[in-house]
Amino acid sequence: VADARIEARPFGTTAAPVRATTRAGGAFVLEGLGDEPLRVEARKGGYSPPSKGAVKAGASEPLELRLVANVGITGFVLDGATKQPVKSFGLLLFRMGKNDLVNEPLGSMREYQRTEDGSFTIEDVPPGRYKIQAFSNDHGPTWTKAFDVKREYVYGVMIEMQVGATLTGTVVEPDGDPVA
């Protein structure tokens, strides 16, 4: 992989890293390293960053860092009752943790406005286990079941949203008079 950024720093420290950029064949050289164990990382947009810990400079074998290409997720958001497309919605992508517990969202809310067929695509997703939460003005928040993203696109994720409940009320002063 060309033009990946390589960083190495002594293992277990926050010292400034030594940096290099890969050439056309993916080769790189990091110079000026000490003899302490290193943490080495490779980064490039569209790939999940691998890292190796406790690497020693001057090893007889060249270090290989294997980048994994990120992929994407496509699907449709439908009204659960009518099976008609929901045309404006927002999606949050959550990585699943141990025992399928929901972790923090991966990125911010992705907004889809006026999609005639309710379709969506989420790009640059690292391999892992995920759930999507969908939001729409006329529907209640809806979760997908957990699904796995491997090294290829995940197609056809269907999100069937249910019409949201309605809450009505009145705002009043402490003495009970309505507030305009």
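Refer to the structure presented above.
Residues numbered from 1 in each chain as written. Predicted model: local features only at pLDDT ≥ 70, side-chain atom pairs only at ≥ 80, totals over all residues. Heavy atoms only, no water.

### Some words on the sheet that holds strand E2 (residues 18-21)
The strands that make up a sheet are held in pairs by hydrogen bonds between backbone atoms, and each pair lies either parallel or antiparallel. Sheet architecture is open: four strands sit in the order E2-E1-E3-E5, paired in antiparallel fashion. Both outer strands of the open sheet, E2 and strand E5 (51-55), are each paired with one neighbouring strand and no more. Adjacent strand axes in the sheet meet at a mean angle of 15 degrees when their direction is disregarded. Across six bridges, the pairing between strand E1 (residues 5-10) and strand E3 (residues 38-43) is antiparallel. Within E3, the residue paired with glutamate 7 across the bridge is glutamate 41. (Pairing = 2+ DSSP bridges. Helix = DSSP H or I, 4+ residues; strand = E, 2+ residues; numbered from the N terminus. Axes fitted to C-alpha atoms, helices over the stretch in contact; angles between N-to-C directions.)

### Notes on the pattern of salt bridges
Scanning all chains against the criterion turns up ten salt bridges. Notably, a salt bridge pairs arginine 43 with glutamate 41, separated by 3.4 Å at the nearest N-O pair. The exposure class of arginine 43 is partly exposed, given its relative accessible area of 35%. Measuring nitrogen to oxygen at the nearest pair gives 3.3 Å for the salt bridge that ties glutamate 116 to lysine 87. Within this pair, whereas glutamate 116 is found in the loop between strand E10 (110-112) and strand E11 (119-125), its partner lysine 87 is found in the loop between strand E7 (71-79) and strand E8 (89-96), the two being separated by 29 residues in sequence. (Salt bridge = Lys/Arg side-chain N within 4 Å of Asp/Glu carboxyl O. Buried < 20%, exposed > 50% of the residue type's maximum accessible area, 1.4 Å probe, protein only.)

### Points about the nonpolar core
Membership of the largest hydrophobic core comes to 20 residues, with the highest contact counts inside it found for Ile73, Leu91, Phe120, Ile122, Ile132 and Ile159. The element that contributes the greatest number of residues to this core is strand E15 (residues 154-161), accounting for four residues. Once you skip the residues sitting within four places of it in the chain, isoleucine 132 turns out to touch Ile73, Leu91, Leu92, Leu93, Phe120, Ile122, Thr142, Trp143, Thr144, Phe147, Val157 and Ile159. Counting residues in each nonpolar core, the second largest holds eleven residues, with Ala4, Ala8, Val55 and Leu67 among its members. (Core = buried A, V, L, I, M, F, W, Y, C linked by side-chain atoms within 4.5 Å. Contact = heavy atoms within 4.5 Å.)

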